[in-house]
Amino acid sequence: MKKETQYTFVKQSKRKRPLGGYDAVWQANDHFLVVENNGYTQSYKRFYFSDIQALILRVTKRHLIYAWCFGIGALLSFFSAYFLPWPENTPFLIFGLLFTILFGVNWYKGPTCKSSLITRVQSHPLHLVRLKIARRIFFKWRKIIEQEQGVLDLSTVMEPLPVSLENGSVKMNSAVHSKRVMNYKYGGGYHLLFFSMMLLVAVLNGTQLYTRHVALSITEMLMYAGGWLAMILALKNQNSSAMSSMLKKNTWVAMLLILVVLIVGYYYTVIVASQSGSPQIIQNQAQIFLYMVNRNPADFPFLKFELIFTSISFSLVSIFGLIQTMSFQKKRSEL
Amino acid sequence: MFPCPECKTLLSINERNQDGFNICPNCGEKLILELFSALTASQEASVAKSVSADDESSCFYHTDKIAVQNCDHCGRFLCALCIIPVKTYHLCPTCMAKGKDPTSTVTALKSHALHDSILLLAACVSVMFGPLTFVTSPIIFYYIFKYYRKDLGLVPRMKWRYWLAGIVSAIPFFAWAAMLILKA
């Protein structure tokens, strides 16, 4: 082992984290140094070329989810902007532009993937999440590792290679990846609660197309608050749970949908309230609320559209989520 | 053959599609597998032999096993189970856990505090404290001088954050000082 200060490190790849810090891989003359920077501390992990058994890259569908979210966001924003007069539609135009830029960036970066580096005792996830870049870097690393180890002659390997698998992921050092071990401890209770509340919100929105009442709106707000709490707990618990990835993704989609509906709905409410006869109500949230409760959707096309959209989309997502959660619970009870 | 990370189905490594992917026939997972010689080398499992004669040295950790090597750092005798090869050196589990370097007294660095970022944050936060910057700014200056010349971790890092932290903590300090002097 060399004295560490004598090493010269060459940067191989780097990816910034959304909330500050970055993940990077640096190359020394006999090992890769994986640097995890959270903004205020750096942690180092060394992987010697002679110890690396495999580099694995799995193509994921995350880029499609991003594309759908950004695409739908852009469409909804432009659609809303089309129905509103200038300059009230400015926030929607800005949102639409932002979503379009994000859609373009996602399309330019290409398909997503998950990559990991495997040694005899552990599997370490790498930060390479875009296929184009990951393939280019893996190609470079393969050359470096093969210079150290020599080329593996696959024709001589007749038996299955000794990488054992457990619960859908490469078997790994429990100390390193204890979080990733899937379990059936969580039964999906928060998911059931969350999707039930979401379905109730959908029903309430459908009802408000025909009749507007303070009690309905207050119930809807309480459902949103309770649902949001249940959703946070569901998202927290689903991470290590053995539930299907489809259900997990559906929960994330539901969260995004609620977020979009709430933001767009709030902006619209403020715009409509500002156009009312007494614009001073904008300074009082309770008055805005009461003002909107008394509006008839027939007179406000966007309000009508919002209620229909929320009702249909929330119903679809929540029913799908409920079916998936119940099938997970059935599978769990069988086990 | 290599097991699919998703469904454990054994995949034929040589069968790749034209894009260079191994596709699992069971779950349809698209994979790229880069395998190296260390994978086959690990199949040779280490077996520790038992001590059979009195004159044979035994392992420090397993007294009934023959010692076959000694730790390059602490010199303890080790059996085949306890040897941890690190590059060309052999370490015992204790030295490995402590991160000892056999060629020098330097400990292998596992983590490093980024003093420049911490000081910059402290400088920005201390601005909000108003006149208290008379106390916080000298402390920040002290730490800037203390850490500026020290090594900033293993990988190269620019020092502009120290400069910025110094400027951010200096401005309110001198502003308050000027205000107090003018008032006096």
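Caption draft 1: Molecular detail of the overall build of chain A. Looking only at helices and strands, chain A has nine helices and nine strands in total. Counting all 335 residues of chain A, 44% fall into the buried class. For chain A, restricting intrachain contacts to residue pairs at least 6 apart in sequence, the fraction spanning at least 24 positions comes to 61%.

Caption draft 2: Quick peek at the packing of helix α3 (residues 115-127) of chain B against helix α5 (residues 160-183) of chain B. Residue and element names in this part refer to chain B. Orientation of α3 relative to α5, taken along the N-to-C sense of each, is 20 degrees, at an axis distance of 8 Å. Relative to α5, α3 is oriented roughly parallel. Our pair here, α3 against α5, has a crossing hand that is left-handed. Along the contact surface, α3 presents His115, Asp116, Ser117, Leu119, Leu120, Ala123, Cys124 and Val127, while α5 presents Arg161, Tyr162, Leu164, Ala165, Val168, Ser169 and Pro172. Among the residues making up the contact of α3 with α5, the classes are represented as ten nonpolar, three polar and two charged.

Caption draft 3: Here's a closer look at the pattern of salt bridges. All names here are of chain B. Throughout the structure, instances matching the rule amount to five salt bridges over all chains. The salt bridge partner of Arg157 is Asp116, with a shortest N-O separation of 2.9 Å. Placement of Arg157 in the loop between α4 (133-148) and α5 and of Asp116 in helix α3 is noted, with a sequence separation of 41 residues between them. Classification of Asp116 as buried rests on a relative accessible area of 0%.

Caption draft 4: A look at the nonpolar core. Of all hydrophobic cores here, the largest spans 26 residues; its most connected members are Phe194, Phe195, Met198 and Phe314 of chain A. Of all the elements in the fold, those that place two or more residues in this core are α5 (189-207), α6 (214-238), α7 (245-274) and α9 (301-334) of chain A. Filtering out sequence-adjacent residues up to four positions away, Phe314 of chain A remains in contact with Met198, Val201, Ala202, Tyr224, Leu257, Ile258, Val261 and Phe309 of chain A. Core analysis: the next-biggest nonpolar cluster, separate from the first, contains 23 residues, Cys113, Leu126 and Trp141 of chain A together with Phe21 of chain B among them.

Caption draft 5: Geometry of the state of the cysteines. All names here are of chain B. Taken as a whole and assessed by the stated rule, the structure comprises zero disulfides over all chains. Cys71 takes part in no disulfide bond, and the closest cysteine sulfur to it belongs to Cys74, at a distance of 3.6 Å. A residue is classified by how much of its surface remains accessible, and Cys71, at 3% relative accessible area, is buried.

Caption draft 6: How the structure looks around the confidence of the model for chain B. For chain B, mean pLDDT is 79; residues scoring 70 or higher make up 79% of the total. Predicted as a complex, the structure gets a pTM of 0.59 and an ipTM equal to 0.71.

Caption draft 7: Looking closely at helix α2 (residues 90-109) of chain A. All names here are of chain A. The first and last C-alpha atoms of α2 sit 29 Å apart over 20 residues, in line with the 28 Å expected at 1.5 Å per residue. Of all the positions in α2, only Phe92, Gly96, Phe99 and Asn106 are classed as buried. What you see down the axis of α2 is that its buried residues fit within an arc of 90 degrees, all on one side. In this structure, α2 carries Ile94, Leu97 and Tyr108 as exposed residues pointing more than 90 degrees from its buried face.

Caption draft 8: Fine view of the sheet that holds strand β6 (residues 112-118) of chain A. Overall, antiparallel pairing links the five strands, which are arranged β7(A)-β6(A)-β5(A)-β4(B)-β3(B) in an open sheet. Each edge of the sheet is formed by a strand with only one pairing partner; in this case those strands are β7 (123-126) of chain A together with β3 (22-23) of chain B. As judged from the five bridges shared by strand β5 (residues 54-60) of chain A and strand β4 (residues 30-35) of chain B, these two strands associate in the antiparallel manner. The residue of β4 of chain B that forms the bridge with Ile56 of chain A is Leu33 of chain B.

Caption draft 9: Expanded view of the environment of Leu180 of chain B. Looking at the secondary structure, you find Leu180 of chain B in helix α5. Between the C-alpha atom of Leu180 of chain B and that of Pro131 of chain B, which follows or precedes it by 49 residues, the distance is 9.8 Å.

Conventions adopted
- Residues numbered from 1 in each chain as written.
- Chains lettered and ligands numbered in written order.
- Predicted model: local features only at pLDDT ≥ 70, side-chain atom pairs only at ≥ 80, totals over all residues.
- Heavy atoms only, no water.
- Helix = DSSP H or I, 4+ residues; strand = E, 2+ residues; numbered from the N terminus.
- Buried < 20%, exposed > 50% of the residue type's maximum accessible area, 1.4 Å probe, protein only.
- Contact = heavy atoms within 4.5 Å.
- Axes fitted to C-alpha atoms, helices over the stretch in contact; angles between N-to-C directions.
- Parallel < 35°, antiparallel > 145°, perpendicular 65-115°, else oblique.
- Left-handed = near helix turned anticlockwise from the far one by under 90°.
- Nonpolar A, V, L, I, M, F, W, Y, C, P; charged D, E, K, R; others polar.
- Salt bridge = Lys/Arg side-chain N within 4 Å of Asp/Glu carboxyl O.
- Core = buried A, V, L, I, M, F, W, Y, C linked by side-chain atoms within 4.5 Å.
- Disulfide = S-S within 2.5 Å.
- pLDDT = per-residue confidence, 0-100.
- Expected span 1.5 Å × (residues − 1).
- Arc of directions from axis to C-beta.
- Pairing = 2+ DSSP bridges.

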